[in-house]
Structure formats: C-alpha cells, structure tokens
Amino acid sequence: MRAAITAVGGYVPEKVLTNKDLEKLVDTSDEWIQSRTGIKERRVMEDGTATSDICVASIEKILKKRSLKAEDIDLIIVATVTPDHVFPATANIVSDKLGAINAWGFDVSAACSGFLYALETGSKFIECGKHKKVIVCGADKMSAIVNYEDRNTCIIFGDGGGAVLLEPSEDENIGIIDSILKSDGSGREFLHQKAGGSMNPPTHETIDAREHFVFQEGKTVFKFAVTNMAQVSRDIMDRNNLTGADVDYLAAHQANLRIIDATAKRMELDQEKVLINIQKYGNTTAGTIPLLLSDFESKFKKGDNIILAAFGGGFTWGAIYLKWAYNS
Ligand code: COA
C-alpha cells in the first residue's frame, strides 16, 4: 500500500520584515540580499505565539478543506528546530490545541530536511496499514533563535510552515514512490545552536556569549548544499528512470535561489517547473516545502511527477519522489 498526500495547508504570520527593515538593523543592503539569496522579505510571528500555532493553523485548513474532524487524525508528526518547549513535544501541544483526542504524535529534528524525514516516517505508518490519517507538519519560528545583530543569518530566516495529510492511496501508481535520505553529523559545527541543550545548558555566560542563536558558516553550508541537494535529486531521478522532461515540478528547500538553480540545472529542468517562493518568506527551515506545496497546490494535477528535495543542519539532506494524488 502506498501513502499519498491528499490535502495541504500552509500558514505564515501577517507581520512582514523587508530587506529595507533589515538595513536599519545590520550593515547590509536590499541589493546584496536579493542578489546573493533571492529573498525580498520574510514573515515574523508576534510574541506569545509559537511553532505549534503555525501547525494548528495549517492543519485547520486541511480539516476544513476535507470536512474532517480533529478526532479523525491518527498521528501527528511535527518537524521543527524551534519547538514550543524543549519538552514536551510540539506535536503533543498541537493535538491538544486542535482537540485531536485520538492522535498520538512526536517531533522530528532534522533542521531544514525535517519535513522530508517526517514525511518518510509518516508514510511508513500508512504503508504498513497501521494508520489511515497521518498529519505531517514542517514549521519553524526562526525569529525565536535568530540574532538580529548578525547579518550572516538574520537576512536568511523567516517564520512559517505547513502541513500535509497522508492517506492510503487507492491507486498503487499514485503517492510516495521513492525516497533517499542522508545524514552526516560531522557537519554539525557549520550550522547549529551552541547552547540550550544538554552539552551547554543555559547560563548567564551562554546568554552573554549569544550562544542561543543560530550559528552558521555560510560559505561551507552553501558548498555542501549545492553539491548534495543536486546530487540526491539527480540520484532519485536516475533510480526511477526519470528525465528532466518527465519531472513536472521540483519543490526544493528554499534556502538560497542560487542553490535551487544549481539543483534544477543538474536535473535538466525547465525554469517553469521549479517552484519558488523564497522571495516572500525567506528560509522557514522545516517549513519551506509544505509552504511551497500549499502555495502551488492549484497547479498540481493527478499523476504529476514531483520531486521534493532538501538539505540542512546536521548535515542532513534528501529527496522524495511522489506522484500527486488529486486535482485541486
Ligand atoms: N550584507 C552585506 N554583506 C554581507 C552580508 C550581508 N548580509 N553577509 C556577508 N556579507 C559580506 C561578507 O562579509 C563578505 O565580505 P568580504 O568579502 O569583505 O569578506 C561578502 O559579503 C561575501 O560573503 P560570503 O559569506 O562569501 O557571501 P556568500 O555569497 O557566501 O553569501 C550566504 C552568504 C549566507 C547568503 C550564503 O553563503 C548562503 O546562502 N549559504 C547557505 C545558507 C543556507 O542555505 N543556510 C541554511 C541551510 S538550511
């Protein structure tokens, strides 16, 4: 039995932070940010809200579209690096806020590849016949861990995310067909949050040293991402005998337009097949792919060949090949 995405929902907060706004905070320019990343603006959440609110808003859209009740959900998986709390899991909070009383759930931590890791995990519960309705969320409130005095990171990240519903596919040729997921923990030093975990618990010193924010060595991450996201996307095509002409859409992690372009080139894809919304939201970490699927859902037709691809902190990376399950 295959698992298929049968509905999607996305959410971004109202508040916009433009490149011009960032010019007032750090030594940067709208021109530099746009030409190096493709980002024009990003969204930021209000104080008092959290990642669970992104998930809840996204799932509520799915329930409405499909006339489902929260009680119908069997399992909720949340991919995030900005959980509401260290524990309990954000998935527990999401199910409580929704009233999903029959669901169990857990969080997945794989940074920007989190949604792909969670989608792979969720699909297994459908494939083995254990569950009928699995919700997979990818969401991050990156503004909670971004230092708005660090121009290396604050220009990139934004808040937002989305969710998908996974159900058993009636047609064996439709749904999630193949996946390649990878990790290499030796890359952790190039992209991480230094303090706050069991290695460096919070102290006055860690706060003064600003170790609770995202640290990134941009150039190294860039090189890694360009090589590996392109390679894994090519590998999944070759393994499934797909040419660039066979692929209808690439939904790639939105971290940098130049990285997405390099991946599309390696896949020999025409530009109109490459889904892009980075200009509006920046990098929402685990949120980018469900947010893309939600923004472009109306374009997809039943049977379309879609490749999802991501890379992120860890390092983690991967690609998933699916055949879209419905006409919107
Ligand atoms: N505004 C203006 N100048 C900036 C800047 C900013 N926000 N950030 C860096 N610079 C400067 C640097 O100081 C450097 O100046 P120098 O040449 O005088 O030393 C110059 O611009 C080039 O910096 P560099 O870091 O080489 O730029 P880059 O082309 O690699 O772009 C990133 C920086 C962060 C946009 C890019 O490395 C990137 O996208 N990396 C991957 C990020 C990513 O995907 N992260 C998420 C992983 S999931």
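See the structure shown above.
About the cut-offs
- Residues numbered from 1 in each chain as written.
- Predicted model: local features only at pLDDT ≥ 70, side-chain atom pairs only at ≥ 80, totals over all residues.
- Heavy atoms only, no water.
- Axes fitted to C-alpha atoms, helices over the stretch in contact; angles between N-to-C directions.
- Helix = DSSP H or I, 4+ residues; strand = E, 2+ residues; numbered from the N terminus.
- Parallel < 35°, antiparallel > 145°, perpendicular 65-115°, else oblique.
- Left-handed = near helix turned anticlockwise from the far one by under 90°.
- Contact = heavy atoms within 4.5 Å.
- Nonpolar A, V, L, I, M, F, W, Y, C, P; charged D, E, K, R; others polar.
- Buried < 20%, exposed > 50% of the residue type's maximum accessible area, 1.4 Å probe, protein only.
- Pairing = 2+ DSSP bridges.
- Near = heavy atom within 4 Å.
- Polar contact = N/O pair within 3.5 Å; in protein donor to acceptor, adjacent residues only side chain to side chain.
- Areas by Shrake-Rupley, 256 points an atom, 1.4 Å probe, with all protein chains shown as cover.

Caption draft 1: Up close: the packing of helix 7 (residues 218–239) against helix 8 (residues 257–266). Here helix 7 crosses helix 8 at 30°, and the two axes come no closer than 9 Å. It follows that helix 7 is roughly parallel to helix 8 by the angle criterion. The element helix 7 and its partner helix 8 pack so that their crossing is right-handed. Residue-level inspection shows Phe-222, Ala-225, Val-226, Met-229, Ala-230, Gln-231, Ser-233 and Arg-234 of helix 7 in contact with helix 8, the latter providing Arg-258, Ile-259, Ala-262, Thr-263 and Arg-266. Along the lines of polarity and charge, the residues of the contact of helix 7 with helix 8 split into 7 nonpolar, 3 polar and 3 charged.

Caption draft 2: Geometry of the pairing of strand 4 (residues 75–79). Across the 5 residues of strand 4, 5 count as buried, placing the element largely inside the fold. Side chains Leu-75, Ile-77 and Ala-79 of strand 4 all project onto a buried face; the interleaved residues Ile-76 and Val-78 project onto the opposite face, where all are buried too. Bridge count for strand 4 against strand 5 (residues 104–108) is 5 bridges, and the pairing is parallel. Residue pairing across strands places Ala-79 opposite Val-108, the latter belonging to strand 5. Note: strand 4 against strand 6 (residues 134–141), 5 bridges, orientation parallel.

Caption draft 3: Region of interest: the site of the ligand. Near the ligand there are 24 residues, and of these Thr-28, Arg-36, Gln-216, Lys-219 and Asn-256 occur at the shortest range. At 3.4 Å from a nitrogen atom of the ligand is found a side-chain nitrogen or oxygen belonging to Trp-32. Arg-151 is positioned with one of its side-chain polar atoms (N or O) 2.9 Å from an oxygen atom of the ligand. Bound to the protein, the ligand loses 75% of the 950 Å² it would expose on its own. Within the residue set of the shell around the ligand, elements represented by two or more residues are helix 2 (30–37), helix 7, helix 8 and strand 12 (305–312).

Caption draft 4: Here's a closer look at the environment of Lys-194. Its place among the elements puts Lys-194 in the loop between strand 9 (191–193) and helix 6 (204–208). Separated by 17 residues in sequence, Lys-194 and Glu-211 have C-alpha atoms that sit 5.2 Å apart. With residues up to four places along the chain from it excluded, the contact list for Lys-194 reads Asn-200, Glu-211 and Phe-213. Polar side-chain contacts of Lys-194 include one of 3.4 Å to the side chain of His-192.

Caption draft 5: Up close: unusual backbone geometry. Cis geometry is found at the peptide bond from Phe-87 to Pro-88, where omega equals 0°. Secondary-structure assignment places Pro-88 in the loop between strand 4 and helix 4 (90–98). Cis geometry is found at the peptide bond from Gly-314 to Phe-315, where omega equals -5°. Residue position: Phe-315 is located in the loop between strand 12 and strand 13 (316–323).

Caption draft 6: Main features of the sheet that holds strand 12. Read across the sheet, 4 strands follow the order 8-13-12-11 without closing on themselves; strand pairing throughout is mixed. Both outer strands of the open sheet, strand 8 (175–183) and strand 11 (249–252), are each paired with one neighbouring strand and no more. Between one strand axis and the next, the sheet turns by 15° as a mean value, whatever way the strands run. For strand 11 and strand 12, the ladder comprises 4 bridges, and the chain directions are parallel. Residue pairing across strands places Leu-250 opposite Ile-307, the latter belonging to strand 12. In the packing of helix 5 (residues 114–127) onto the sheet, contacts are made with strand 8, strand 12 and strand 13, and the angle to strand 8 comes to roughly 130°.

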